[in-house]
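Summary of structural features
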Amino acid sequence: MKDLISLHDLSSDEVKGLLELGLKLKKELKSGIEHHILKGKTLGMIFTKSSTRTRVSFEVGMTQLGGYPLFLSSNDIQLGRGETIHDTAKVLERYLDGIMIRTYAHSDVIELAEEANIPVINALTDLLHPCQVLADLMTTYEHKGKLEGLKLAYIGDGNNMAHSLMYGCAKVGMDCAIAAPKGYECNSEVVENAKADFKASGRTLILTEDPVEAIKNADVVYTDTWVSMGQESEKAERQKIFMPYQVNKELFKNADNDAVFMHCLPAYRGFEVTKDVIDGPHSVIFDEAENRLHAQKAVMATLMG
Ligand code: CP
Ligand code: NVA
């Protein structure tokens, strides 16, 4: 494992190994045990999109591991003015021990990983968000005591979160159901890859337009914003189309009685989810946010340690 670009690239054991290490690092942090595994190492963090959780959790995680996080906004580096990914990769690998990148085109992250002789971590593209899903699987494990055999239902836009959740569920032996409206389904190439992963794990993938069908007996109910970064001009249209996909109390009743509610955040109450669900007793959103820190420490320790 040189990079973390997509959970599809990882074996089932590699994904489970990262989750186990994340849980261990979390437990040890809470009992005051320090790990300076990345002492003297520097992580460059390239952002061409906004972030709260990703930026803070990577910076804090790197610091806790004894390394140094270097925030690189695309507004400030030459990449934002047209310097090539190739040249950026070749320069940064001379200074850094790893690169974390959040950007639009997934192909840019693949190119960066191919060109740079240091680990590259995908911190969200238009296509995938693997770090978030590692945190979500960790959170599911903490609340359910297992992953194998559980069902996750994702209701909403067939976006980067939906894609990475499909990949993640398949790798850990969970069933996954995605309900998205016509025209906003998941990327067909990702679906084909995911189908192969589900076949290998013997679990089920359901793709439907019907949120009630998807959420039936789900152990985890997940949604995300209807308007991802870069889609701001489509906001009004999307809000109209997606309204039947809102996760509200009525829809949530169809899930398992002990289902947890998850959202990668940032959330927009009254749109993709109602207040009574996201702020209600089933919600574990802040555990997910916390686990970004622990899961990413596991990723950095594995790739850069
Ligand atoms: N969930 C997530 O990636 O949050 P940020 O956009 O705040 O980093
Ligand atoms: N789908 C959202 C996720 C944000 C963490 C986006 O890409 O904006």
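Refer to the structure presented above.
My aim in this report is to walk through the structure given alongside it, one point at a time. (Residues numbered from 1 in each chain as written. Chains lettered and ligands numbered in written order. Predicted model: local features only at pLDDT ≥ 70, side-chain atom pairs only at ≥ 80, totals over all residues. Heavy atoms only, no water.)

**Topic: the site of ligand 1**
The criterion, for reference: Being near a molecule or strand, for a residue, means having at least one of its heavy atoms within 4 Å of it. Within 3.5 Å is the distance limit for a polar contact, defined as a pair of N or O atoms, with the added protein rule that one can donate a hydrogen and the other accept it, and that residues adjacent in sequence qualify only through two side-chain atoms. In this description, accessible areas are obtained by the Shrake-Rupley approach with a 1.4 Å probe, and a residue is regarded as covered only by the protein chains that are shown.
Residues in contact with ligand 1, as listed here, are S51, T52, R53, T54, R102, H129, Q132, C264, L265 and R292. Between ligand 1 and the protein, one listed contact pairs a nitrogen atom with a backbone N or O atom of C264 at 2.9 Å. One nitrogen or oxygen atom from the main chain of L265 is found 2.9 Å from a nitrogen atom belonging to ligand 1. For ligand 1, the accessible surface in isolation is 250 Å², of which the surrounding protein chains cover 95%.

**Looking at the sheet that holds strand β4 (residues 120–122)**
The strands making up a sheet associate through hydrogen bonds between their backbones, and the pairing can be parallel or antiparallel. Condition: Paired strands are those between which DSSP finds at least two bridges. In DSSP terms, a helix is any run of H or I states spanning at least four residues, a strand is any run of E spanning at least two, and both are numbered starting from the N terminus. Helix axes use the C-alpha atoms of the stretch in contact, all axes being lines fitted to C-alpha atoms, and the angles between their N-to-C directions lie in the range 0 to 180 degrees. The contact criterion used throughout is that any non-hydrogen atoms of two residues lie within 4.5 Å.
Strand order in the open sheet formed by four strands is β2-β1-β3-β4, and the pairing between neighbours is parallel. Pairing within the sheet leaves two strands with one partner each, and these edge strands are β2 (68–73) and β4. The mean angle between the axes of side-by-side strands here comes to 20 degrees, regardless of whether they run parallel or antiparallel. Pairing geometry for strand β3 (residues 98–102) and β4, over three bridges, is parallel. By the bridge assignment for β4, M100 is matched with I121. Lying over the sheet, helix α2 (residues 53–64) contacts β1 (42–47), β2, β3 and β4, oriented at roughly 175 degrees with respect to β1.

**Looking at unusual backbone geometry**
Note the threshold: Per-residue accessibility, obtained with a 1.4 Å probe over protein chains only, is compared with the maximum for each type, and a residue is labelled buried under 20%, exposed over 50%, and partly exposed between these values.
Cis geometry is adopted by the peptide bond preceding P266, which originates at L265 and carries an omega value of 5 degrees. For N217, which is not glycine, the phi torsion reads 60 degrees and is therefore positive. As for its position among the elements, N217 is in the loop between α8 (211–215) and β8 (220–223). Relative to the helices and strands, L265 is located in the loop between β9 (260–263) and α11 (275–278). Look at L265 and you get buried, because its relative accessible area is 11%.

**Quick word on the nonpolar core**
Spelled out, the test is: We call a set of buried residues a nonpolar core when its members are Ala, Val, Leu, Ile, Met, Phe, Trp, Tyr or Cys and they connect through side-chain atoms within 4.5 Å of each other.
Counting 55 residues, the largest nonpolar core has F58, L134, L152, M166, M174 and M300 as its most contacted members. With residues near it in sequence (within four places) discarded, L134 still touches L4, L7, V15, L18, L19, A295 and V299. With 21 residues, the next largest nonpolar core counts I215, A218, V221 and I278 among its residues.

**What to know about the pattern of salt bridges**
Put simply, the rule is: What makes a salt bridge here is a side-chain nitrogen of Lys or Arg within 4 Å of a carboxyl oxygen of Asp or Glu, nothing more.
This model, assessed by the stated rule, comprises 16 salt bridges. In this structure, the salt-bridge partner of D157 is R238, at a minimum N-O distance of 3.0 Å. Here R238 lies in helix α9 (residues 235–242) and D157 lies in the loop between β5 (151–155) and α6 (160–172), a separation of 81 residues in the sequence. Comparing D157 with R238, the two get one shared label, buried. Notably, a salt bridge pairs K182 with E209, separated by 3.9 Å at the nearest N-O pair.

**Looking at the sheet that holds β8**
Ordered in space as β7-β6-β5-β8-β9, the five strands form an open sheet in which the pairing is parallel. Edge strands, defined here as strands with exactly one partner in the open sheet, are β7 (205–208) and β9. On average, adjacent strands in this sheet sit at an angle of 15 degrees to one another, irrespective of strand direction. Across the sheet, helix α12 (residues 285–304) lies against β8 and β9, angled at about 50 degrees from β9, the strand it touches most.

**Quick word on helix α4 (residues 106–115)**
Rule in force here: This arc is taken over the directions from the axis of the helix to the C-beta atoms.
What α4 keeps buried is the set H106, V109, L112 and A113. Axial view of α4: buried residues confined to an arc of 120 degrees, hence all on one face. On its buried side, α4 packs onto α3 (85–95), β3 and β4.

**Brief notes about the packing of helix α1 (residues 12–30) against α12**
This is how it is decided: An angle below 35 degrees is treated as roughly parallel, one above 145 as roughly antiparallel, one from 65 to 115 as roughly perpendicular, and anything else as oblique. Helix crossings are classified by the rotation of the near helix relative to the far one: an anticlockwise turn of less than a right angle makes the crossing left-handed, while a clockwise turn makes it right-handed. Three classes are used, and their members are as follows: Ala, Val, Leu, Ile, Met, Phe, Trp, Tyr, Cys and Pro are nonpolar, Asp, Glu, Lys and Arg are charged, and the others, Gly among them, are polar.
Where α1 meets α12, the axes come as close as 8 Å, and the angle between the chain directions of the two elements is 115 degrees. Viewed along their axes, α1 and α12 adopt a mutual orientation that is roughly perpendicular. Handedness of the crossing formed by α1 with α12: right-handed. Residue-level contacts link L18, L21, G22, L25, K26, L29 and K30 of α1 to E290, N291, H294, K297, A298, V299, A301 and T302 of α12. Class assignment for the residues of the contact of α1 with α12 results in seven nonpolar, four polar and four charged.

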